[in-house]
Amino acid sequence: MSKLISINPYTEEINSIFETISREELSRKIDLAHSAFKIWKQISKSEKKALFLKLADLIEIQQKELAEIQTKEMGMLFWYSFWGIGGTIKLTRWFANNFESILANEIQTAEWMQFEYQYDPLGIIYGIAPWNFPFNQVLRAAIPNILAGNTTIYKHASNTPLAWQKIESLFREAGFPEGIYQNIFISNSESEYIISREEIKWVNITASEWAGRNIGSLAWKYLKPSVLELGGNDAFIVASTTHLEEIAKSAVMARMSNNGQKCNSSKRFLVQDKDYEDFCKYAQIYIESLKIGDPMDPSTDIWPLARKDLVDEIDLQVQKTISEWAVLVTGGKKLDRKWYFYAPTILRNITPEMTAYRKEIFGPVLSIIRVKDVEEAIGLANQSDFGLCGCVYGDDDEELKKIARRIETGAVFINKPAASQPHLPFGGIKKSGYAKENGPEWLRAFTNKKVIIY
């Protein structure tokens, strides 16, 4: 058996060490989830609602502790982590308060027949979770899965085991029956065995494009439906404006969200020729004013990346882009510190064949692209292998709406940074994955929409 090691990215101290479980223990957990499903699917919706509202209350009571775990495990700025847990509380309550009506039987009449839609649970959902939002990313998927009447087993990222452990303990503390939600401390190689098990009915993964390809292919191999929420290389279009300095600041803030470790943050900034030089100047001034330091310090703006290998990967992508004749404006290096810091970076004169244009850089790096007009900006925004979110900023709302309608992506935000809301669908197209999380469709996704014809 191998070990999972939780390391504080700021101090490099070891938080905890966990051993992966054996195949026999994994099998027992799947059996337990299957046994729990047989009981859980019969429990009334009102009982399920009460349990999830209790879970939301517990998260709220322990919000500071959960935020500290995220800061210790992946370096997230504490106040940002605390705020994010607030979003998780909101998400939990929204699903708990709305799932009964969303999953209610629907009776309809069409011509000579009357029929009814019934949403039946499926069984065990196998989830694979990322490290960048250890609590919210898991619960955003697990909560609707379980409310629909299913049970879940979750494999989390190897660097955030304390967060997984805490999630399972929260379910137990809220009074959920044993086996409804379980962590599985396993290596990647166990995924095929899990997906091959008859009791596993669906696969739900948030991860990189590479991981999505592997898990998606396994799901198809064993005829299991899947949801893939993968990476993004989202466009940020600057349209007509007299507020360029404010928009440049907003662009930096959007890119630096979670220190750039966010799949739906803007990464490619498309700026018209007439505004290009000033935009680059304003962005540089603002990004160089950001304070780099301790994630527990409320005055910190830039904190360490989650792992050392991520720092190395980002630096490799940046240096490769520079070798492809991009211009480095600022940053572009690992910081001379003990911990996992990368300098906030601006690259300009980016063109479509360059690495920073084609690949997702998961860190504090802005890639600024010069375009002659909005029409070219739309074309380049769509000239991407990814399509998760996008942003359009400017002064004319009607112009911005017209631009937004033409961008090929899962969601477009006008004069605001990309985010997710529990009541709105979230997911992408192209290599950003398929199917949608959040919203009413997400609750129904993990059910059998059975038709009863009278």
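Given the structure is predicted, the values throughout are model-derived calculations rather than measurements.

Analysis parameters
- Residues numbered from 1 in each chain as written.
- Predicted model: local features only at pLDDT ≥ 70, side-chain atom pairs only at ≥ 80, totals over all residues.
- Heavy atoms only, no water.
- Helix = DSSP H or I, 4+ residues; strand = E, 2+ residues; numbered from the N terminus.
- Rg over C-alpha atoms; globule rule 2.2 N^0.38 Å.
- Buried < 20%, exposed > 50% of the residue type's maximum accessible area, 1.4 Å probe, protein only.
- Contact = heavy atoms within 4.5 Å.
- Pairing = 2+ DSSP bridges.
- Axes fitted to C-alpha atoms, helices over the stretch in contact; angles between N-to-C directions.
- Patch = residues over 30% accessible without salt bridge, like charges linked within 9 Å, V, L, I, M, F, W, Y side chains within 5 Å.
- Areas by Shrake-Rupley, 256 points an atom, 1.4 Å probe, with all protein chains shown as cover.
- Salt bridge = Lys/Arg side-chain N within 4 Å of Asp/Glu carboxyl O.
- Polar contact = N/O pair within 3.5 Å; in protein donor to acceptor, adjacent residues only side chain to side chain.
- Parallel < 35°, antiparallel > 145°, perpendicular 65-115°, else oblique.
- Nonpolar A, V, L, I, M, F, W, Y, C, P; charged D, E, K, R; others polar.
- Phe/Tyr/Trp six-rings, centres within 6.5 Å; stacked < 30°, edge-to-face > 60°.
- Lys NZ or Arg CZ within 6 Å of the ring centre and 35° of its normal.
- Expected span 1.5 Å × (residues − 1).
- Core = buried A, V, L, I, M, F, W, Y, C linked by side-chain atoms within 4.5 Å.

Participant: In this structure, what is going on with the overall build of the chain? I would like to understand it.
Facilitator: Each helix and strand counted, the chain has 15 helices and 20 strands in total. Here the C-alpha atoms of the chain give a radius of gyration of 23 Å, agreeing with the 22 Å that 2.2 N^0.38 yields for 454 residues. Reported as C-alpha extents along the three principal axes, the dimensions of the chain are approximately 65 × 60 × 40 Å. By the burial criterion, 57% of the 454 residues in the chain qualify as buried. In the chain, of all internal contacts separated by at least 6 residues, the share reaching a separation of at least 24 is 72%.

Participant: Where do I start with the sheet that holds strand 20 (residues 447-453) in this structure?
Facilitator: Strand pairing in a sheet relies on backbone hydrogen bonds. The paired strands run either parallel or antiparallel. Within the open sheet, the three strands sit side by side as 3-4-20. Their pairing is antiparallel. Two strands in the sheet have a free side with no partner beyond their single neighbour: strand 3 (106-110) and strand 20. Strand-to-strand, the axes of this sheet are offset by a mean angle of 25°, without reference to chain direction. Two elements, strand 3 and strand 4 (residues 113-121), share five bridges in a ladder whose sense is antiparallel. Across the sheet, Glu106 pairs through a bridge with Tyr117, a residue of strand 4.

Participant: For this particular structure, what's the right way to read the pairing of strand 4?
Facilitator: A regular strand places its side chains so that they alternate between the two faces of the sheet. What sits between the antiparallel neighbours strand 3 and strand 4 is a turn of two residues, in which Glu111 has the positive phi angle 55°. In the sheet, strand 4 pairs with strand 20 via seven bridges, with the strands oriented antiparallel. Following the sheet pairing, Asp120 is matched in strand 20 by Asn448.

Participant: How should the sheet that holds strand 9 (residues 226-229) be read in this particular structure?
Facilitator: Read from one edge of the open sheet, six strands run 7-6-5-8-9-19, paired in mixed fashion. The open sheet has two edge strands with one neighbour each: strand 7 (181-183) and strand 19 (433-434). Summarising the sheet, strand 6 (residues 151-155) and strand 7 pair through three bridges and their orientation is parallel. Among the inter-strand pairings, Thr152 is bridged to a residue of strand 7, identified as Tyr181.

Participant: Looking at this structure, I do not really get a nonpolar patch on the surface. What am I missing?
Facilitator: The grouping of Ile5, Ile14 and Ile17 at the surface amounts to a nonpolar patch, some 270 Å² of accessible area in total. Counting through the fold element by element, Ile17 comes out in strand 2 (residues 14-19).

Participant: Teacher, can you tell me more about unusual backbone geometry here?
Facilitator: A negative phi holds for most residues other than glycine; trans holds for most peptide bonds. Backbone geometry at Glu12 places phi at a positive 65°, although glycine is not the residue there. Within the chain, Asn349 stands out as a residue other than glycine whose phi angle is a positive 60°. Examined against the element boundaries, Asn349 turns out to sit in the loop between strand 13 (345-348) and helix 12 (355-358). A relative accessible area of 32% places Asn349 in the partly exposed class.

Participant: Could you clarify how one ought to interpret the side chain of Ser257 in this entry?
Facilitator: Topologically, Ser257 is positioned in the loop between helix 9 (244-256) and strand 11 (266-272). Accessibility expressed as a relative area gives 14% for Ser257, which makes it buried.

Participant: Would you mind showing me how to read the environment of Thr151 here?
Facilitator: On the secondary structure map, Thr151 appears in strand 6. Thr151 sits 31 residues away from Gln182 along the chain, and the two C-alpha atoms are 8.7 Å apart. With residues near it in sequence (within four places) discarded, Thr151 still touches Ala33, Ala36, Phe37, Gly123, Ile124, Ile125, Gly179 and Ile180. Of note is the side chain of Thr151, whose polar atom sits 3.0 Å from the backbone oxygen of Ala33.

Participant: Sorry, what's going on with the packing of helix 3 (residues 63-74) against helix 6 (residues 161-174) here?
Facilitator: When two helices pack together, their arrangement is given by the angle between the helix axes and the distance between those axes. Where helix 3 contacts helix 6, the axes come no closer than 9 Å and their chain directions differ by 160°. Comparing the axis directions of helix 3 and helix 6 gives the class roughly antiparallel. Contacts between helix 3 and helix 6 pair Glu65, Leu66, Ile69 and Glu73 from the former with Pro161, Leu162, Ala163, Lys166 and Leu170 from the latter. Looking at the contact of helix 3 with helix 6 residue by residue, the classes come out as six nonpolar, no polar and three charged.

Participant: Would you mind going over the packing of aromatic side chains with me for this structure?
Facilitator: Aromatic ring pairs: the centre-centre distance and the angle between the two ring planes describe each pair. Following the criterion strictly, the structure yields 22 aromatic pairs and no others. Residues Tyr80 and Phe133 carry aromatic rings whose centres are separated by 6.4 Å and whose planes lie at 45° to one another, so their mutual orientation is tilted. Of the two residues, Tyr80 sits in helix 4 (residues 78-102) while Phe133 sits in the loop between strand 5 (124-128) and helix 5 (136-147), which places them 53 residues apart along the sequence. Both residues of the pair, Tyr80 and Phe133, belong to the buried class. An aromatic cluster of three or more residues is present, and its members are Trp40, Phe52, Tyr154, Phe171, Phe176 and Tyr181. Across from the ring centre of Tyr357, 4.9 Å away, lies the NZ or CZ of Arg268, which sits over that ring.

Participant: I would appreciate a short explanation of helix 3 in the present structure.
Facilitator: Each α-helix winds once per 3.6 residues, and so residues spaced three or four apart point in a common direction. Taking 1.5 Å as the rise per residue, helix 3 with 12 residues should run 16 Å; its terminal C-alpha atoms sit 17 Å apart, in good agreement. Those residues of helix 3 lying buried are Gln63, Leu66, Ala67, Ile69, Gln70, Thr71, Glu73 and Met74. Residues of helix 3 that are buried make contact with strand 1 (3-7), strand 2, helix 2 (45-61), helix 4 and helix 6. Gly75 sits one or two residues past helix 3 and shows a positive phi near 80°.

Participant: Sorry, what's going on with helix 6 here?
Facilitator: Between its terminal C-alpha atoms helix 6 stretches 20 Å, which fits the 20 Å expected from 14 residues at 1.5 Å a residue. Among the 14 residues of helix 6, 11 are classified as buried, and the element is accordingly described as predominantly covered. Along helix 6, the positions that sit buried rather than exposed are Pro161, Leu162, Ala163, Trp164, Lys166, Ile167, Glu168, Ser169, Leu170, Phe171 and Ala174. Where the residues of helix 6 are buried, they touch strand 1, strand 2, helix 2, helix 3, helix 5 and strand 7. In the stretch just after helix 6, Gly175 is the one whose phi turns positive, near 100°.

Participant: Can you help me understand the nonpolar core in this one?
Facilitator: Considering soluble globular proteins, one finds that nonpolar side chains tend to be buried as a cluster. Phe52, Phe171 and Phe176 are the most contacted members of the largest nonpolar core, which totals 49 residues. Within the residue set of this core, elements represented by two or more residues are helix 1 (23-40), helix 2, helix 3, helix 4, helix 5, helix 6 and helix 15 (439-445). The residues contacting Phe171, other than those within four sequence positions of it, are Phe52, Leu55, Leu139, Ile146, Phe176 and Tyr181. Leu244, Tyr276, Leu290 and Ile346 belong to the second-largest nonpolar core, a separate cluster that totals 39 residues.

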